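# Architecture at a glance
Residues per chain are reported as follows:
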Amino acid sequence: LVYTAFCLVRVRGGLGALAPRPPLREASAVLRRAGGFGVQAACKLALAEGVKVALVALESSEDELGAFALADNLGSVVARVLLMPFEEAAFTAFSKAASVEEEASAGARASARKGSSSAVGDSTRLEAQGAALSAMLKVALLVGLLSAAFAPAYAFTALRLLYGEAKASAEGAAAALAAYGAYVAAMALNGTTEAFVHAVAAPTQLLQGNVALAAAAVIQATICFAWYRATGSLSATGIVVANMASMAARTAYSCVAIRAHLRSAAPLRAAVPSAGTLLALGVAGVGTLATQQFFGVGPNVGVRAHALHVACGALALAGVVAVA
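In this report, the structure presented in the accompanying data block is examined. All values derive from a computational prediction rather than experimental measurement. (Residues numbered from 1 in each chain as written. Predicted model: local features only at pLDDT ≥ 70, side-chain atom pairs only at ≥ 80, totals over all residues. Heavy atoms only, no water.)

## Some points on the nonpolar core
Grouped together as the largest cluster of nonpolar side chains are 31 residues, with contacts concentrated most on Leu83, Leu159, Leu177, Tyr180, Tyr183 and Met187. For this core, the secondary-structure elements that each account for two or more residues are α3 (62-111), α4 (115-163), α6 (173-200) and α8 (236-262). The contacts of Tyr180, once residues within four sequence positions are left out, are Ala71, Asp72, Gly75, Ser76, Met187 and Val240. Among the nonpolar cores identified, the runner-up in size contains 18 residues, and Leu137, Leu141, Ala199 and Leu262 belong to it. (Core = buried A, V, L, I, M, F, W, Y, C linked by side-chain atoms within 4.5 Å. Buried < 20%, exposed > 50% of the residue type's maximum accessible area, 1.4 Å probe, protein only. Helix = DSSP H or I, 4+ residues; strand = E, 2+ residues; numbered from the N terminus. Contact = heavy atoms within 4.5 Å.)

## Some remarks on α6
Relative to the 40 Å expected for 28 residues at 1.5 Å per residue, α6 spans 40 Å between its end C-alpha atoms, a close match to the ideal helical length. Along α6, 24 of the 28 residues are buried, which leaves the element largely enclosed by surrounding structure. (Expected span 1.5 Å × (residues − 1).)

## Concerning a nonpolar patch on the surface
Together, Val77, Val81 and Leu82 line one region of the surface with nonpolar side chains, adding up to about 260 Å² of accessible area. Relative to the helices and strands, Leu82 resides in helix α3. (Patch = residues over 30% accessible without salt bridge, like charges linked within 9 Å, V, L, I, M, F, W, Y side chains within 5 Å. Areas by Shrake-Rupley, 256 points an atom, 1.4 Å probe, with all protein chains shown as cover. Salt bridge = Lys/Arg side-chain N within 4 Å of Asp/Glu carboxyl O.)

## Considerations on the packing of aromatic side chains
Under the defined criterion, the tally for this structure stands at 3 aromatic pairs. The interplanar angle of 35° and the centroid separation of 6.4 Å between the aromatic rings of Phe150 and Tyr154 together place this pair among those described as tilted. Taken together, the residues span about one helical turn, with Phe150 and Tyr154 both in helix α4 at a distance of 4 residues. According to the relative accessible area criterion, Phe150 is buried, its value standing at 12%. By relative accessible area, Tyr154 is classed as buried at 14%. (Phe/Tyr/Trp six-rings, centres within 6.5 Å; stacked < 30°, edge-to-face > 60°.)

So, in structure tokens, the structure goes:
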């Protein structure tokens, strides 16, 4: 802080020379957009931390708390290492493309004398945005579906290799991590669609998105309470299911906003993997579950069984990639 203050004092003109003075209209627009993102960040924080509050408030057992912590810590590695950088890159690409295309479109509208030219320019711009969205969404979906297909068969093996036999054998830990694999798929879909919406949305649409986030939080809390009433406890698997439901609600709103912005649902349909890819994922998921049973992967099983099981999974993964 002392060094920063020294640098500011040394700058000719002082701190005022560094402070931008945008027009009042632009400043108010920036403040409105910043306020929308601020509310959005608060809603996301409530969604992320609300499940932990629910676990404590509903007096979940130490085993359930530990199982959720294991699944969340290990499952979030995929989200942090793969999905988060991809989402940030997608947001940056969508924002730059939207800014450049909007400037070009504004210039074309200003110079054009006929409305048809402007309509053609808008159509071309929307088609380019839709193509970029489809390409990125297809990659995100493939990563998420791979996680959903392989997580049930390799949840116990991952816990065994990373945390040891005792943690892997904890009640509900492997089941929670298996469910988390499907949750990663939901996060992959939601992250890319939300990145697009945030890049092209107007301030009013951001406010609507905040309402959708609030609704997702209500859905999450409702499912947590219903799970507790139905089972007598809020397990780690129940938490993951509630998170998936809230993520699905957020994705549904993003898809509606994307369809309204692009004036077509074709880019979303184009991002769906081919039938061959989906079939390969299904065969890989069922096949790896079969190898898990065949090699007897479970508590008190040697490393050799896990190694053979992982080798079969590698072959299945190679097959899926080849088909995709």
